[in-house]
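Read off the chains here:
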Amino acid sequence: MSTMATERTTLDPEIERKGYAHPEVLVTTSWLAEHLHDPNVRVIESDEDVLLFDTGHIPGAQKIDWHQDLNDPVVRDYVSREQFEELLRSKGIDDSTTVIFYGDKNNWWATYAFWVFQLFGFTNARLLDGGRSKWENEGRPMTTEIPRFNRTTYEARERRDEPIRAFMPDVHRHLDQHGKLVDVRSPDEYSGKKLHMPEYPQEGALRGGHIPTAKSVPWARAANTDGSFKSAPDLREIYETEQGLQQSDDVIAYCRIGERSSHTWFVLTYLLGYDRVRNYDGSWTEWGNAVRVPIER
């Protein structure tokens, strides 16, 4: 698990009460409202709906498009060290900058962007608890103005996938070693009834079902109705009492392309303090199309 590289953010009692293993990784809407003009803070919005930012966003926020900014345009992989370096330089970010991520859909894609940043060892990052919806529902300010920041000379680290990212061979080894798997998709995807999320196009895989032994824990169960994360006791009830996971387990989470499972990776790693959690971003798009891989329904 990545360790926070900077001093702990002054914790809001609202976050402390939830009992997380690493409460410093979250900030509240009230904290962010007080730090919007902090020169050492950069706010990043990352949404499923890539057009949403343009309709209004938190003042000072910049947009990261998960498809264009984080993914290689040709190979199914993430950006290179040089591309990541240029992305952060262009947004006025360096290692001294605290980056606050937020987005739509319970911070679904915000955790995905956070996860990609961790691949490059960028640990001075937080999530806005409750994301865009909580900020909006509280009537806090929104703007359509696009901020501009001076370029930095940020130097990115070499990308290290192994600690938090799993590939298909890793999943096969994991199965052989009786490792724990968490399928965070919808129940119909898990059962094989559907190849897609409810209300989304049928796409991505030739076969339905789930990886053998995987536990079904839909990702959004970790969120409250206002988009904020559930408390640690409530999360332990879901993942440990219901599903039998333990903090010492080696866990791989997956979904369809790795974005929903990044949310569960974040919950297990930072909120519950699991030391060995990897996100299999090949997920069902890869597994459900592969020849002769084992599938359960």
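Residues numbered from 1 in each chain as written. Predicted model: local features only at pLDDT ≥ 70, side-chain atom pairs only at ≥ 80, totals over all residues. Heavy atoms only, no water.

A.B. asks: Hey, could you run me through the overall build of the protein in this one?
C.D. replies: Along the backbone of the protein there are eleven helices and ten strands. Relative to a compact globule of 297 residues, whose C-alpha radius of gyration would be 19 Å, the protein shows 18 Å and is just as compact. Here the protein holds 297 residues, and 55% of them are scored as buried. Long-range pairs, those at least 24 residues apart, make up 76% of the contacts in the protein with a sequence separation of at least 6. Surface accessibility of the protein: about 13,100 Å² in total, with carbon and sulfur atoms responsible for 47%. The distance from the centre of the 36 positive side-chain charges to the centre of the 49 negative ones in the protein is 4 Å. (Helix = DSSP H or I, 4+ residues; strand = E, 2+ residues; numbered from the N terminus. Rg over C-alpha atoms; globule rule 2.2 N^0.38 Å. Buried < 20%, exposed > 50% of the residue type's maximum accessible area, 1.4 Å probe, protein only. Contact = heavy atoms within 4.5 Å. Areas by Shrake-Rupley, 256 points an atom, 1.4 Å probe, with all protein chains shown as cover. Lys, Arg positive; Asp, Glu negative; His and termini not counted. Charge placed at Lys NZ, Arg CZ, Asp CG, Glu CD.)

A.B. asks: What am I meant to see in the packing of helix 5 (residues 108-119) against helix 10 (residues 260-271) here?
C.D. replies: How two helices pack is summed up by the angle between their axes together with the distance between the axes. Look at helix 5 against helix 10: their axes get within 8 Å of each other, and the N-to-C directions meet at 70 degrees. With respect to each other, helix 5 and helix 10 are oriented roughly perpendicular. When you trace helix 5 past helix 10, the crossing you get is left-handed. Taken together, the residues of helix 10 that come into contact with helix 5 (itself represented by Trp 108, Thr 111, Tyr 112, Phe 114, Trp 115 and Gln 118) are Arg 260, Ser 262, His 263, Trp 265, Phe 266 and Tyr 270. (Axes fitted to C-alpha atoms, helices over the stretch in contact; angles between N-to-C directions. Parallel < 35°, antiparallel > 145°, perpendicular 65-115°, else oblique. Left-handed = near helix turned anticlockwise from the far one by under 90°.)

A.B. asks: So what exactly am I meant to see when it comes to the sheet that holds strand 4 (residues 98-102) here?
C.D. replies: The strands making up a sheet associate through hydrogen bonds between their backbones, and the pairing can be parallel or antiparallel. Read from one edge of the open sheet, five strands run 1-5-4-2-3, paired in parallel fashion. The open sheet has two free edges, formed respectively by strand 1 (26-27) and strand 3 (61-63), since each of these has just one partner strand. Helix 5 contacts strand 4 and strand 5 (125-128) of the sheet and is inclined by roughly 175 degrees relative to strand 5. (Pairing = 2+ DSSP bridges.)

A.B. asks: What's the story with the packing of aromatic side chains in this structure? I'm lost.
C.D. replies: Note on aromatic pairs: each is described by the distance of the centres and the angle between the planes. With the rule as written, the count across this model stands at 22 aromatic pairs. Look at Phe 114 and Phe 266: their rings are 5.3 Å apart centre to centre, the planes differ by 90 degrees, and that puts the pair in the edge-to-face class. Of the two residues, Phe 114 sits in helix 5 while Phe 266 sits in helix 10, which places them 152 residues apart along the sequence. The pair Phe 114 / Phe 266 is uniform in exposure class, with both members buried. Centroid distance Phe 266 to Tyr 270: 5.3 Å. Interplanar angle 35 degrees. Geometry classified as tilted. In this pair, Phe 266 and Tyr 270 both sit in helix 10, four residues apart, roughly one turn of the helix. Ring-pair connections join several aromatic residues into one group, and the members of that group are Phe 84, Phe 101, Phe 114, Phe 117, Phe 120, Phe 122, Tyr 154, Phe 229, Trp 265, Phe 266 and Tyr 270. Above the plane of the ring of Phe 149 lies Arg 42, whose end atom (NZ or CZ) is 4.0 Å from the centre. Geometry around Trp 135 places Arg 140 over its ring, the cationic atom sitting 5.6 Å from the centre. (Phe/Tyr/Trp six-rings, centres within 6.5 Å; stacked < 30°, edge-to-face > 60°. Lys NZ or Arg CZ within 6 Å of the ring centre and 35° of its normal.)

A.B. asks: I would appreciate a short explanation of the sheet that holds strand 10 (residues 276-280) in the present structure.
C.D. replies: Here five strands make up an open sheet; going across it, the order is 6-10-9-7-8 and the pairing parallel. Of all the strands in the sheet, the pair left with one neighbour each is strand 6 (165-166) and strand 8 (215-216).

A.B. asks: Help me understand unusual backbone geometry in this model?
C.D. replies: Positive phi, close to 65 degrees, is recorded for Asn 107, a residue that is not glycine. Tracing the backbone through its elements, the reader meets Asn 107 in the loop between strand 4 and helix 5. Its relative accessible area of 0% is what places Asn 107 among the buried residues. For Thr 213, which is not a glycine, the phi torsion comes out positive at approximately 75 degrees. For Thr 213, a relative accessible area of 51% translates into the label exposed.

A.B. asks: Got a minute to help me understand helix 4 (residues 81-90) in this structure?
C.D. replies: Along an α-helix, residues three or four apart share an orientation, since each turn contains 3.6 residues. Within helix 4, burial applies to Phe 84, Glu 85, Leu 87 and Leu 88. The buried residues of helix 4 occupy an angular sector of 160 degrees when the element is viewed end-on, so they sit on one face. Looking at the residues trailing helix 4, positive phi occurs at Gly 92, about 75 degrees. (Arc of directions from axis to C-beta.)

A.B. asks: What am I meant to see in the packing of helix 9 (residues 232-242) against helix 10 here?
C.D. replies: Taken N-terminus to C-terminus, the directions of helix 9 and helix 10 make an angle of 120 degrees; their axes are 11 Å apart at the nearest point. Taken together, the axes of helix 9 and helix 10 are oblique relative to one another. Read as a crossing pair, helix 9 and helix 10 show a hand that is left-handed. Contacts between helix 9 and helix 10 involve Ala 232, Leu 235 and Tyr 239 from the former and Thr 264, Val 267, Leu 268 and Leu 271 from the latter.

A.B. asks: Even after reading the chapter, I still don't get the pairing of strand 10, so can you show me in this structure?
C.D. replies: Looking along a regular strand, one sees side chains alternate from face to face of the sheet. Burial runs high along strand 10: four of the five residues are buried. As paired elements, strand 9 (residues 250-254) and strand 10 share five bridges and run parallel to each other. Its bridge partner being in strand 10, Tyr 254 is matched across the sheet by Tyr 280.

A.B. asks: Can you walk me through the pairing of strand 4 in this structure?
C.D. replies: Buried residues dominate strand 4, accounting for five of its five residues. Residues Thr 98, Ile 100 and Tyr 102 line one face of strand 4 and the alternating positions Val 99 and Phe 101 line the opposite face, and both faces are buried. Pairing geometry for strand 2 (residues 41-45) and strand 4, over five bridges, is parallel. Residue pairing for strand 4: Val 43 is matched across the bridge by Ile 100. Bridge count between strand 4 and strand 5: three bridges; the pairing is parallel.

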